[in-house]
Amino acid sequence: MKPSAFAYARPRALEEAFALLDKHGENAKLLAGGQSLLASLNMRLAAPEILVDIGAIPGLDGIAVRGQTLVIGARTTHRAIERSEAVAKHAPLLAQAAPHIAHVAIRNAGTLGGSLAMADPAAEWPACCVALQATIVVTSKKGERRVAATDFFKDLYTTALGAGELITAVEIPCVEKGERHAFLELVRRRGDYAIVGLAARARLKGKTLSGVQLVYLGVGVTPVQAKGAMAALEGKTADDAAIRAAQDAIARDLEPNADIYTSAEAKRHLARVLVARAVAALVG
Amino acid sequence: MEDRVEATITVNGTRLTRRIEPRMHLIDFLREELGLTGSHVSCEHGVCGACTVRVDGEIRRGCLTLAVQADGRTVDTVEGLSDSGELAVLQQAFHERNALQCGYCTPGMLLTAQALIKEHPEATREEIREFMSGNLCRCTGYQAIIDAIETVLRTPRTEGVR
Amino acid sequence: MNDRIDPHRLDALAPQASEVEAPPKPGTTKTAKPAKTQVGYVGQSVPRANAKRLLQGRGAYTDDLKFPRLAHVVFFRSPHAHARLKKLDLSRAARQPGVIAAFDGRAIADYCTPWVAVLGHLKGIKSPPQYAVAIDRACWQGEAVAAIVAETRAQAEDALGHVVAEWEELPVVTDMEDALANRTVIHPELGDNICFARSFETEGFDAAMKKADLVVEETYGFGRHTGVTMESRVILADYNAAEHSLTVYHATQAPHMMQDIFSRHLNIPEANVRVICKDVGGSFGIKVHVYPDEMATAALSVMLRRPVKFVADRLESFLTDIHAREHKATVRLACMKDGTIVGFDLDDLTAIGPYSVYPRTSGIEGNQVVNLTGGPYAHKAYRAKMNVVFTNKNVTCQYRAVGHPIAVALTEAIVDLAAQKLGMDPAEFRRKNLIADDAYPYSFPSGLKFEKLSHHQCLDKLLALMDYTGLRAEQAALRKQGIHRGIGLAAMIEVTNPSPAFYGVGGARISAQDGATVRLEPTGMVTCLVSVTEQGQGTEGVFTQVCADAVGVSIDKVRVITGDTGVTPYGGGTWASRGAGIGGEAVLQAGKALRANILDIAAAVLQVDRATLDVRANSVVDKASGEERLPLAEVGRIGYFRPDTLPMKFQAELTVTRHYTPREYGFTFTNGIQASYVEVDTDTGFVKLLRHWCVEDCGTVINPLLVDEQIRGGIVQGIGAAMLEECLYSAEGQLLNGSLADYLVPMTGDTPDIEIAHVSTPTRQSELGAKGVGEAGTAGAPGAVMNAINDALAPFDARVRVQPFTPERILKALGKI
């Protein structure tokens, strides 16, 4: 199980990377942490002509707080996010989600930007970014543009990234007073992709919820905002009736696809269980 | 055919420069080019952990790292960490507890366990299981491995554990 | 010197009345002085010497070997489950960079003859001839139809993309019941899809069952598994054209069996074939079979006159390593109101893929289910029917615990159901029906004979170990809080140490005996060569212990060598939990014989009566006083370098060989019982395994440290069966989860702590008394877990019957979806 042959470039600056992407077009693939890409190359599921390793380009990693925004460089590893005090303080959702990503050796290499660009619908970061209403900073030789996470994930493994573009950073609004986060996953083995997962966020005043975000992973071709359930909880007291209303709305919100082990019906059922547990966690 | 790429890597303390096929992953490079066969190939898609090595001090999947990505970096394998004595206490605990049978997963287990010992010395038994959950062992039933690591964590620090 | 020693008192083997260095206790450091003790090594938790190289990454697995001119082979495999090859063009592939040769099945068949996997004593079993590389037709997705040899594995894989194949798809049979209905016959020349069928009925069965007060019946399903050895299948064949000899470095459990097979199918004299096992990275039955791609690799070495290596990558492993299980069985239990079991009635169906696997056949697992169902219980009526059918999936064959996990789960699930219907506690129901400990020797209705088992001792010990009463109280209390925990028991019997009745009588050239050669070296060290192989389970470690005790030396003086047909005595190898029981006995007898020969020399040198001497702690000593008379190094020096100083007619014999074959019983049976404690999340269908217990009677426990962890490893594989593992196929015969990301095996995060205890009833067939233990854990765990889950689900009147117990299946049982 060896990859087919490819060329390799390790640009030292973004401009060099853009030039390589320009030159090779669709035959080039960006290599960040490589934790998904290299597995698929080993299995010969993909056969790019050239890998453009962005590992030596300065300025792509690191975690910083700028005003009310947490800025995470695209090449920041899962492990760095997991260990970051700034993340734990300003975006606890990410800190909660990070340990669910695979295993330590993979978290040491895999990156935030890589995960977002890969856009696996069962991955943790895409759902978290949507729930946090993060902004994805996308750069090309034409300059920078910012894409709301809610607009970024287009289809299965498909994002708003255009030819010649790469993710350079993610901007996340810092958690506000009274804001609560909860990240839940149902996995059969620790570190696996979830059957169903939920990134949840709300402001809590007394027991009243507002600014509710419920974003599921593993139930569609992209992270899925459960808008009906969000509306059912918005401005409501987090009681059994509100939870039941949210659960009822889930049936309309989600059109999950079956996977090899779990039917669509079971996924929908599990999504309903998770929303109740998420609300409990948010108010707990 | 692709062009080979020159890379300079410090492997187990020895700096070496090689021209490497870009498609060669680190585990094959260590095994085939350098004869360091202690780290093993098993799944080649990042699930089993048999190929775990250390890159710049942190554990990595050798099958999900290209050798050329290690250019300018430090790579440590079970052979080097055995010779340096860093793994000695852990190895002794594994031996005494019979925390290995066929030994194929063992180098990866040791490197992961050593990362745990360095990063999380207060880990509970449950946390040990969690930290080790990315390394497959098909022989032991895991308990002896967890016991061995727990023994090392609970034993007052001696030389060899850093 | 063939005096039998009471196997219950193995310390009799050890040097007596003098002190020997005991093995270092776990936990002691090198600064601690080894304790002195009068006990031998057998029975002690001695860390095994061969683990040290593995701990430093300094073992040598077959894939670690490098040879000059080594070529790498990959196989072009059928993408279809059943298809005719209309056209196969290898010419472009053969021209790719680094490619040495490309061959189809016909070319390879000139060098390697096909085989048919049947056994004489499995009446009516049939299978078509199988070639090393399939010719014209592929019968499962992954079957090889061409071989490409190149300078590197990557280059060979590159060339695969240039093979041109045109296929005509043929009707596919994937469902067992479809196969049994014979609407589509996979091998028309065989007439139907039935590889093997067996039925069995005790006399007066119907009448006995009619008298019963209660009959319970259920149908259970078992997923297809595979072994997932960490080291995949690997073979390096090195043909020497000048000698017409073949040396094969092979990750196998049975080197002599493979030597015979390479010899016969490649037409090379047996003496010219040498099979060498380097370190083997786990086997579990996966590496005891003849694989077509491995036979092709050996043939390619002959064809190309150079060393050729094949390493199955993980995707190939899932497609081509034998699978196992895949049974659907209906079982009925009849009992009286007081709980007395009257009889069992079994109808088992299993599918094995398109070929019976050579040379052990794929009829054995079903046969074992028939043999073992109902096994622990004292009923008299038994009827069984079993069909083994062909399908267009990967082949199945013997994987760890062959048939046992099916038989145990069927038996124990229906036993629990009967107890539930009668309102009896499952432990009490078992106590009522388990064969009494004083009833042996005992003949089981299926015809098996048990020498001596200890079901009741094991049950009592288990219930105490787990605090059964306390757990029941905890379960009841938690149930009131909406926490649903379950307790499951599974009693078991396990086939070990098979006699020639297993394979030999059926015509298979598979040795049921094993041998050991023990040699005193000039320095007083002992080399011990054994035909049983090391797969990591610790056979070399236990042979070291047995040998040290038998000869009278300390353990550091013993070096065990296994896994080389050019060096060791002839034997069967590692399978059917036979290594310690059969190989260990051969080592014991060889060691004792060497001890006697050493005493002969010493008596000659010292001019004393041999009966006054003994060997203890690396020296010949005076038996009465323990005083040292002659160090073994001195015996070696005289024996090898100064035999001229010995009496004229005296010949020193410092190398001896002994063999052992179990003859008295068809199998040595072990028994045991397991318990599982689980918590079911009834909202999600997720199950958390909280604890697991096993009490096992494997006879003499040679090394508790090794035995316990081997049982645990077996249990975890059984947990995999119960909870996670299943090879899923589409209706078209495509494997849907053939990667380690999709086929789920237990990892440490999801595995419970497992407590082990022993009852020891050594077999009287051998002096060592070891019965074998390699498969017990896997045999019992799935049944225990199934019963625990169903116990947790009892308040919901829900039951699960199809393994693995996925959240989906549990939610369905609960009516949540």
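What counts and how
- Residues numbered from 1 in each chain as written.
- Chains lettered and ligands numbered in written order.
- Predicted model: local features only at pLDDT ≥ 70, side-chain atom pairs only at ≥ 80, totals over all residues.
- Heavy atoms only, no water.
- Helix = DSSP H or I, 4+ residues; strand = E, 2+ residues; numbered from the N terminus.
- Expected span 1.5 Å × (residues − 1).
- Buried < 20%, exposed > 50% of the residue type's maximum accessible area, 1.4 Å probe, protein only.
- Domains from an automatic or database assignment.
- Buried area = accessible area lost by both parts, 1.4 Å probe.
- Salt bridge = Lys/Arg side-chain N within 4 Å of Asp/Glu carboxyl O.
- Nonpolar A, V, L, I, M, F, W, Y, C, P; charged D, E, K, R; others polar.
- Pairing = 2+ DSSP bridges.
- 1 Å grid on protein atoms, 1.4 Å probe; cavity = no way out; pocket = protein on both sides within 12 Å on 5 of 7 lines; lining within 4 Å.
- Points joined across faces, edges and corners; volume = space filled by probe spheres on them.
- Contact = heavy atoms within 4.5 Å.
- Polar contact = N/O pair within 3.5 Å; in protein donor to acceptor, adjacent residues only side chain to side chain.

Colleague: How would you sum up helix H8 (residues 292–304) of chain C? Please name residues and give values.
Modeller: Residues three or four positions apart in an α-helix share a direction because the helix packs 3.6 residues into each turn. With 13 residues, H8(C) should reach 18 Å at 1.5 Å per residue; the first-to-last C-alpha distance of 18 Å fits that figure. In terms of burial, H8(C) is a largely internal element, 13 of the 13 residues being buried.

Colleague: Account for the domain arrangement of chain C, naming residues and giving values.
Modeller: Residues and elements named next belong to chain C. Taken domain by domain, chain C comprises domain 1 (64–170 + 230–283 + 286–320), domain 2 (323–500 + 664–813) and domain 3 (513–660). When each unit is reduced to the centre of its C-alpha atoms, the spacing between domain 1 and domain 3 is 40 Å. Summed over both sides, the interface of domain 1 with domain 3 buries roughly 1200 Å², with 47% coming from carbon and sulfur. Ranking the residues of domain 1 by area buried against domain 3 places Gln253, His256 and Arg274 at the top, with a combined share of 49%. Linking domain 1 with domain 3 are one salt bridge. Elements that contribute at least two residues to the side of domain 1 that touches domain 3 include exactly helix H7 (255–266) and strand E13 (273–276). Class assignment for the residues of the side of domain 1 that touches domain 3 results in eight nonpolar, six polar and three charged.

Colleague: With reference to specific residues and values, describe the sheet that holds strand E4 (residues 83–89) of chain C.
Modeller: Taken together, three strands build an open sheet; the order of strands is E6-E4-E8 (chain C) and the sheet is antiparallel. The open sheet has two edge strands, strand E6 (137–138) and strand E8 (164–169) of chain C, and neither has a second partner.

Colleague: Explain empty space enclosed by the protein to me, using residue names and the numbers behind them.
Modeller: Residues and elements named next belong to chain C. Counted by the stated rule, this structure contains nine cavities of 30 Å³ or more. Of the voids in this model, the largest cavity is the one considered here, and its volume is about 700 Å³. Contributing to the lining of the largest cavity are 45 residues, with Gln537, Thr574, Ser577, Gln710 and Gly774 lying nearest its centre. Classifying every residue of the lining of the largest cavity by side-chain character gives 19 nonpolar, 21 polar and five charged. Space inside the second largest cavity adds up to approximately 160 Å³. Lining the second largest cavity are 19 residues, and of these Gln130, Trp140, Tyr291, Pro292 and Asp293 lie nearest its centre. Of the residues belonging to the lining of the second largest cavity, the class tally is 13 nonpolar, two polar and four charged. Shared between two domains, the lining of the second largest cavity takes at least three residues from each, and those domains are domain 1 (64–170 + 230–283 + 286–320) and domain 2 (323–500 + 664–813).

Colleague: Summarise the interface of chain C and chain B; cite the residues concerned and give the values.
Modeller: Counting residues at the interface gives 56 residues for chain C and 49 residues for chain B. Summing the contributions of chain C and of chain B, the shared interface buries around 4600 Å²; its carbon and sulfur component is 52%. For chain C, the biggest contributors to the area lost against chain B are C:Leu55, C:Met230 and C:Thr748; these three give 18% of the whole. Notably, a salt bridge pairs C:Asp158 with B:Arg23, separated by 2.7 Å at the nearest N-O pair. Counting across the interface, chain C meets chain B through 30 residue pairs in polar contact (both at pLDDT 80 or more). Mapped by element, the contributors of at least two residues to the side of chain C that touches chain B are helix H1 (51–55), helix H4 (153–160), helix H18 (704–723) and strand E30 (753–758) of chain C.

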